[in-house]
Amino acid sequence: MEGSSSMLDAEAVADLVLLDPLTEESLVQTLQERFRRRDIYTYIGNVVISVNPYQSLPIYTPEKVEEYRNCSFFAVKPHIYAIADDAYRSLRDRDRDQCILITGESGAGKTEASKLVMSYVAAVSSKGEEVNKVKEQLLQSNPVLEAFGNAKTVRNDNSSRFGKYMDIEFDFKGEPLGGVISNYLLEKSRIVRHVKGERNFHIFYQLLAGASPQLLQQLKLRQDCGHYGYLDREGSSLPGMDDAANFHAMQDAMRIIGFSPAEVTELLQVTAVVLKLGNVQLSSSFQASGMEACSISEPQELHEICELIGLEPGMLERALCSRTVKARDETVLTTLTVPQGYYGRDALAKNIYSRLFDWLVKRINASIQVKSDKQRKVMGVLDIYGFEIFQDNGFEQFIINYCNEKLQQIFILMTLKEEQEEYVREGIQWTPVEFFDNSIICNLIENNTTGILAMLDEECLRPGVVNEDTFLTKLNQLLATHKHYESKETQNARRVTDASLPPRCFRIHHYAGKVTYNVTGFIEKNNDLLFRDLSQAMWAAQHALLRSLFPEGDPQKVSLKLPPTAGFQFKSSVAMLMKNLYSKNPNYIRCIKPNDTKSAMVFTPELVLAQVRYLGLLENVRVRRAGYAFRQLYGPFLQRYKMLNAQTWPRWDRGDREGTEVLLAGLEFPAEELAFGHTKIFIRSPRTLFDLERRRQERVAELATLIQKMFRGWRCRTQYQLMRKSQILISAWFRGHRQKNRYKQMKRSALILQAYARGWKARKTYRKYFRSSASTCLANFIYRRLVQKYLVGLAKNLPPLSVTDRTWPPAPYRFLDNTNQELKNIFYHWKCKKYRDQLSASRRAQLQARLCASELFKDKKTLYPKSLQQPFRGEYLGLKQNPKYQKLHAVAKDKLVMADSVRKVNRASGKTVPRLLLLTTEHLVLADPKAAQPKTVLSLSDIRGVSVTRFSDGFLALHLKEVSTVGAKGDFLLVSDHLIELVTRLYQTVEATTGQALPLHITDRFSTRFPKGDVSITVVESPKASTNGPVCKKKGSNKMEVLVY
Ligand SMILES: Nc1ncnc2c1ncn2[C@@H]1O[C@H](COP(=O)(O)OP(=O)(O)OP(=O)(O)O)[C@@H](O)[C@H]1O
Ligand SMILES: [Mg+2]
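Residues numbered from 1 in each chain as written. Chains lettered and ligands numbered in written order. Predicted model: local features only at pLDDT ≥ 70, side-chain atom pairs only at ≥ 80, totals over all residues. Heavy atoms only, no water.

Asker: Even after reading the chapter, I still don't get the site of ligand 1, so can you show me in this structure?
Answerer: Around ligand 1 sit 17 residues in total, of which Ser-106, Lys-110, Thr-111, Ser-159 and Ser-160 are the nearest. Backbone polar atom of Ala-108 to an oxygen atom of ligand 1: 3.3 Å apart, as the coordinates give it. Contacts to ligand 1 include Ser-159, whose side-chain N or O atom sits 2.4 Å from an oxygen atom. Protein chains shield 86% of the accessible area of ligand 1, which is 620 Å² for the free molecule. Listed by contribution, the elements that provide at least two residues to the shell around ligand 1 are helix H5 (110–124) and strand E5 (159–160). With three residues, the top contributor of residues to the shell around ligand 1 is H5. Counted by class, the shell around ligand 1 contains four nonpolar, 10 polar and three charged residues. (Near = heavy atom within 4 Å. Polar contact = N/O pair within 3.5 Å; in protein donor to acceptor, adjacent residues only side chain to side chain. Areas by Shrake-Rupley, 256 points an atom, 1.4 Å probe, with all protein chains shown as cover. Helix = DSSP H or I, 4+ residues; strand = E, 2+ residues; numbered from the N terminus. Nonpolar A, V, L, I, M, F, W, Y, C, P; charged D, E, K, R; others polar.)

Asker: Would you explain the coordination of the magnesium ion (ligand 2) in this entry?
Answerer: Reference values for coordination geometry: four tetrahedral donors around a metal ideally subtend 109.5 degrees, six octahedral donors ideally subtend 90 or 180 degrees. Protein-derived coordination of the magnesium ion (ligand 2) comes from Thr-111 (OG1) and Ser-160 (OG), at a distance range of 1.9 to 2.0 Å. Here the residue Thr-111 occupies a position in helix H5, and Ser-160 occupies one in strand E5, the gap between them amounting to 49 residues. Each member of the pair, Thr-111 together with Ser-160, is buried. (Donors = N, O, S within 2.8 Å, 3.2 Å for Na, K, Ca; no water. Buried < 20%, exposed > 50% of the residue type's maximum accessible area, 1.4 Å probe, protein only.)

Asker: Even after reading the chapter, I still don't get the nonpolar core, so can you show me in this structure?
Answerer: Considering soluble globular proteins, one finds that nonpolar side chains tend to be buried as a cluster. Judged by nonpolar contacts, the single largest core of 187 residues is most densely connected at Phe-148, Ile-352, Leu-360, Ile-452 and Phe-506. Sequence-distant contacts of Phe-148, defined by excluding residues within four places in its chain, comprise Phe-201, Ile-203, Met-250, Leu-267, Thr-271, Tyr-353, Leu-356, Phe-357 and Leu-360. Formed by 33 residues, the second largest nonpolar core is a distinct cluster that contains Leu-917, Leu-919, Leu-924 and Leu-979. (Core = buried A, V, L, I, M, F, W, Y, C linked by side-chain atoms within 4.5 Å. Contact = heavy atoms within 4.5 Å.)

Asker: Just checking my understanding: could you explain the packing of helix H26 (residues 634–641) against helix H27 (residues 656–667) for this structure?
Answerer: For the pair H26 and H27, interaxial distance at closest approach is 9 Å and the crossing angle is 40°. By the criterion of interaxial angle, the relationship of H26 to H27 is oblique. Considering only the axes of H26 and H27, their crossing is left-handed. Contacts from Tyr-634, Gly-635, Phe-637, Leu-638 and Tyr-641 in H26 reach Asp-656, Arg-657, Gly-659, Thr-660, Leu-663 and Leu-664 in H27. Across the contact of H26 with H27, the residue classes tally to six nonpolar, three polar and two charged. (Axes fitted to C-alpha atoms, helices over the stretch in contact; angles between N-to-C directions. Parallel < 35°, antiparallel > 145°, perpendicular 65-115°, else oblique. Left-handed = near helix turned anticlockwise from the far one by under 90°.)

Asker: What should I look at first to understand the layout of surface pockets in this one?
Answerer: By volume, the second largest pocket amounts to about 1600 Å³. Examining the composition of the lining of the second largest pocket, we find that seven residues originate from one element, helix H28 (residues 686–766), more than from any other. A breakdown of the residues in the lining of the second largest pocket according to their chemical character gives 18 nonpolar, 13 polar and 18 charged. (1 Å grid on protein atoms, 1.4 Å probe; cavity = no way out; pocket = protein on both sides within 12 Å on 5 of 7 lines; lining within 4 Å. Points joined across faces, edges and corners; volume = space filled by probe spheres on them.)

Asker: Just checking my understanding: could you explain the pattern of salt bridges for this structure?
Answerer: Within this structure, the stated rule accounts for 57 salt bridges. Across the salt bridge formed by Asp-39 and Lys-77, the nearest N and O atoms sit 3.2 Å from each other. A residue pair is termed long-range when its members are at least 10 positions apart, and Asp-39 in the loop between helix H2 (24–36) and strand E1 (41–44) and Lys-77 in the loop between helix H3 (62–68) and helix H4 (80–94) qualify at 38 residues. Given a relative accessible area of 26%, Lys-77 falls into the partly exposed group. The closest approach of N and O atoms between Lys-64 and Glu-67, which form a salt bridge, is 3.5 Å. In this pair, Lys-64 and Glu-67 both sit in helix H3, three residues apart, roughly one turn of the helix. (Salt bridge = Lys/Arg side-chain N within 4 Å of Asp/Glu carboxyl O.)

Asker: Would you take a moment to explain empty space enclosed by the protein for this structure?
Answerer: Once rolled over the atoms, a probe with the size of a water molecule shows which space is left empty. Tallied over the full model, the rule gives five cavities of 30 Å³ or more. Looking at the largest cavity, its volume works out to about 90 Å³. Every residue lining the largest cavity is counted, 13 residues in all, and those nearest its centre are Thr-103, Asn-404, Tyr-511, Arg-590 and Leu-615. Taken together, the elements giving at least two residues each to the lining of the largest cavity come down to helix H15 (395–426) and strand E16 (585–592). With four residues, the single largest contributor to the lining of the largest cavity is H15.

And the structure:
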């Protein structure tokens, strides 16, 4: 594996515990070699050393996160992610609160490291809308705090000018719930003054570069940095830092955290006020009394400030230029000199800004704090300024170095001292390792009575003349013999000549080196006083945020008690931090700065050696090597690993220690890897522990499979048993049901058999009393009786004899239905026959003609219904009576069928002429009415067919066969008033004579054969025809139109 092979690479071991030989040089060399290979992380056990590469390396990708997620610490290359993962897992799985202490010089990469830890934890913890929101808020607190709390210094372009400790809180599943941020000692002197080549806090430059013209106008600011006294008048912009973009990022971050737009505006207004305060200029003037006084020389800026914060300008001017002094019951207004005035102005600016920063942290906390009171686990990340040694060190450096001294103390206590003490306590064989315990230095600074801070406070509170000289004298008196304290005076007493220690200075031998502090400004900075007039003026402003920053300005709450000093406040917050850190499991990231020029991949061994020394890395390695990497009480240890041995799993009834021994004996680790203390088991190398942990994980997986297997088996078994029970129940019911049915059937059959048998027996017994055919006889008798009754009833109730009446009584019994129907038919036929028999011959012929007419015309010609009223008289001319027609009568003799007058249509003109028509059983005769002479005599066999129209008219065409004698004359067109009768009789007669049916066409269009050729006749319905009969019109030579009404 890559990780483990590089771990053992002799030239560049990944864990310095494996370094051989162990000297300062070899240690630095190893770091240098690793750095050359771009391996910036190195371990000492579980402490990570990080060397700032000053260039972005491709080792923070999401793939890397995946690689380190749940990895085994020593199986992969050293990385900050590995320690973050270890801490996070320990928090999540072992329920131990964690803290990650990141230390190192300014520019060594502490802030970057803290961000990497946070982003790693965010990446590996679970996801979800709510959780993501929390993570995002926690991560976004960085750009906001960096804007307000970071600045460019000569050592670091993005130097944190405040200490930060952030508790990230998780629930039992390891999901982030929220967090709490604590801030320590903002370097507020930077507001009013900074060294050449450095900058003020980023926010000022960001605001001027990134704000829109409207926002600048609203804040009454100008974009030009050079305009502002507090900003660097030369190089305001930094290469590689886009202030405008950062401003927008900061605004976005504020929105994500939950700042309202109004809050952001207020925040920026107060920031603008600080910036503008630097431009308030004072000038000296003389009062009437001849005393020097100061006044505002350029009131414009002051007026703008007052407009921004809603304050009467006179009040601010008064507060800046004069001071109210209370002497007994009197208040006296004294004027200030110009330097005093500037001092007050700067103090105000510093106070506003530092209080604003505190407010900002509180506001962020309000958003990210955990709302529920679920049980929480905590991971603290401490990113605090590193040890500082400058040419000229003041109060701030003193405080910062004190804090680092305390952190070193924690480190010593937790890793070196405590560890060694524990070995002794536990009775482990142990050769003590020499290390420097810095509690003497901590005590020198923080001791409640003789500590430097306590004496400084005493000087500040003491009445009478107080200045730094009296303070230094006091120190010299009290600490004259202290090993870690030096000053010109103590040196003189010891007759030491040292030109490097000037007067008005004292020197402390810190664990990390000797630092000379200049006492100038100690008293003032420790007092951190703001003239009451100024705080009252601020409280009087209408600006809600600004006002809330100065609660002591409320005249109602005037307190004569002095506020706690800066030193005192810092000491107590450091004490609280220490308490907090002690309660957690520490993880260390030791940052090292490889060069002073911020250059990529440049390694200055001397510089690194100095840091290696003061970080105590060598001692760290020594103790690590000599000691044990892991220890735990027997109880929890056994509980955690007991599954690794069949004897201790699943239950161990004897003592925990004995159990642990049995357990580890089974695992066959080398004897030197383990030590059994009085209450704890000690494991020497992390690798053994990881091996143990790996085996546990494998075993847990096995056990989980076993539990799953057992559970699945149990579930299937129960399921099966349930199904089986159900199946048995169902089949029992089914069988019962089937048997019951079978039984019922058998019972029914038995009963039938019984009935038959009994019947048979009974019949046998009773046969002697009854004739065997008695029942048939009886049945026949009943049947006959019913039939008789029916017939007699029918005879009495016969329906009327009218042929149109078809009623018939229904059959009284179903078995008589067919008979009844048959009788009904017979009766009807009989009735009809009777009717027919009584008809006369002529009536019969007439009815036959009617029947024939109906068959020919019904529903085919409109004239038919009208003809029903007219009786078929046949003889309309009175041939017998009228002597005029005697000749015709002779022609017809007794063969006459019909005689009528018709009109014949002239085939050439279409006009009609009257004719007499006689139909005999053999001929059809057309005669002239005047002469009563036959004009045309047609044999019936010559008639080929007849055509009539569909309408209510008497038009007919008589088609003749061509072969006949009269055929040459062509077809006849006739109009008759008795058309129906005429055609019917013609039809009947032709049928009777020739034995063939006469073709009859009822149509609107037909063709006729005339001597001059064929003419097609079209029948058209038209009112022009009127009732007189059809009107024929010749249309051209071969078309004729017949208009009918
Ligand atoms: N892991 C890293 N990879 C790349 N560059 C880094 C890394 N760590 C630090 N740097 C670079 O070093 C610069 C300084 O780092 P950082 O601000 O974290 O220092 P610091 O220790 O917090 O200093 P200070 O005490 O002044 O706040 C960063 O701005 C960045 O450019
Ligand atoms: Mg920093």
